[in-house]
Amino acid sequence: MSVIAIDGTFASGKGTLGKALAKHYGFTYLDTGKLYRAVGYAVLEAGLDPADAGAAAQAAQDLDVEVLSNPILKSGDVAVAASKVAVHSQVRAALLKFQRDFAHDDVGAVLDGRDIGTVICPHAQVKLYVDAEPKERARRRHTELTGYGEDITYETVLAQLAERDHRDKTRKEAPLIPADDAHLIDTTHLGIEAVLSAAIKITDAILAMRQESIL
Ligand code: C5P
């Protein structure tokens, strides 16, 4: 059983890479950001404040995985709420088991998020850290949001992105940092095919080394 842990910044391309890698290796895939988005959405829907640790923890404990396929989770407001509920340790604790159970899939699993290689799966065989320059990430995200029909300017997206990066990287609990043994991939000037082939090269080399040490 192999686990590929992908961490990285918002709109760096880690989700696209995660899905493509899972398809390539026949592994299952989990976008863990959706869990935090679902919690943020539940708090907003209840008319409560994502900064309220008690309300957010309750929403995390009551999480219904059915909501993970709801397209509303893609919205900008939900993303901001997600990064606010994600600072609470009780929220992270409530979501831990679901993620670890998912990673124990017999076939192999790809999980992407912010703390997969550091906290959720510290023993993952393959760890990737994906990043890109903020302006390029904001451009991608702006194109995506306007594609869903959201009325939002590039400047607002860039400002939200800076705010979320700051919150994710400076929070006390499971901050976004590359694991010591993570392989860094900068996607600023790379298309998906180039990113995927870089990741496959890294993964194949690690899995082959592991195979050799088993034999
Ligand atoms: O990846 P995505 O942008 O959907 O994540 C939304 C938010 O959820 C992030 O900004 C981050 O605050 C939080 N998150 C997290 N840990 C993860 C995945 C997401 O804290 N493993």
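This text gives an overview of the structure that appears in the document. Since the structure is predicted, the reported quantities are computational estimates derived from the model, not experimental observations. (Residues numbered from 1 in each chain as written. Predicted model: local features only at pLDDT ≥ 70, side-chain atom pairs only at ≥ 80, totals over all residues. Heavy atoms only, no water.)

**Re empty space enclosed by the protein**
In step 1: For the coordinates displayed, the defined rule picks out one cavity of 30 Å³ or more.
In step 2: Around the largest cavity sit Phe10, Gly76, Ala79, Arg141, Leu145, Val157, Gln160, Leu161 and Arg164, which together line it.
In step 3: Those elements that place two or more of their residues in the lining of the largest cavity are α4 (76-85), α7 (134-147) and α8 (154-170).
In step 4: Among the elements that take part in the lining of the largest cavity, α8 stands out by supplying four residues, more than any other. (1 Å grid on protein atoms, 1.4 Å probe; cavity = no way out; pocket = protein on both sides within 12 Å on 5 of 7 lines; lining within 4 Å. Points joined across faces, edges and corners; volume = space filled by probe spheres on them. Helix = DSSP H or I, 4+ residues; strand = E, 2+ residues; numbered from the N terminus.)

**Details of the sheet that holds strand β4 (residues 126-131)**
In step 1: The sheet built from five strands is open, its strands ordered β2-β3-β1-β4-β5 with parallel pairing. Both outer strands of the open sheet, β2 (28-31) and β5 (183-186), are each paired with one neighbouring strand and no more. Each adjacent strand pair in this sheet contributes to an overall mean axis angle of 20 degrees, direction not counted.
In step 2: Sheet topology places β4 next to β5; four bridges connect them, and they run parallel. Looking across to β5, one finds that Tyr129 is bridged to Leu184.
In step 3: Along the sheet, helix α1 (residues 14-25) makes contact with β1 (3-8), β2, β3 (109-113), β4 and β5, crossing β1 at roughly 170 degrees. (Pairing = 2+ DSSP bridges. Axes fitted to C-alpha atoms, helices over the stretch in contact; angles between N-to-C directions. Contact = heavy atoms within 4.5 Å.)

What is shown is where atoms sit, not what they do.
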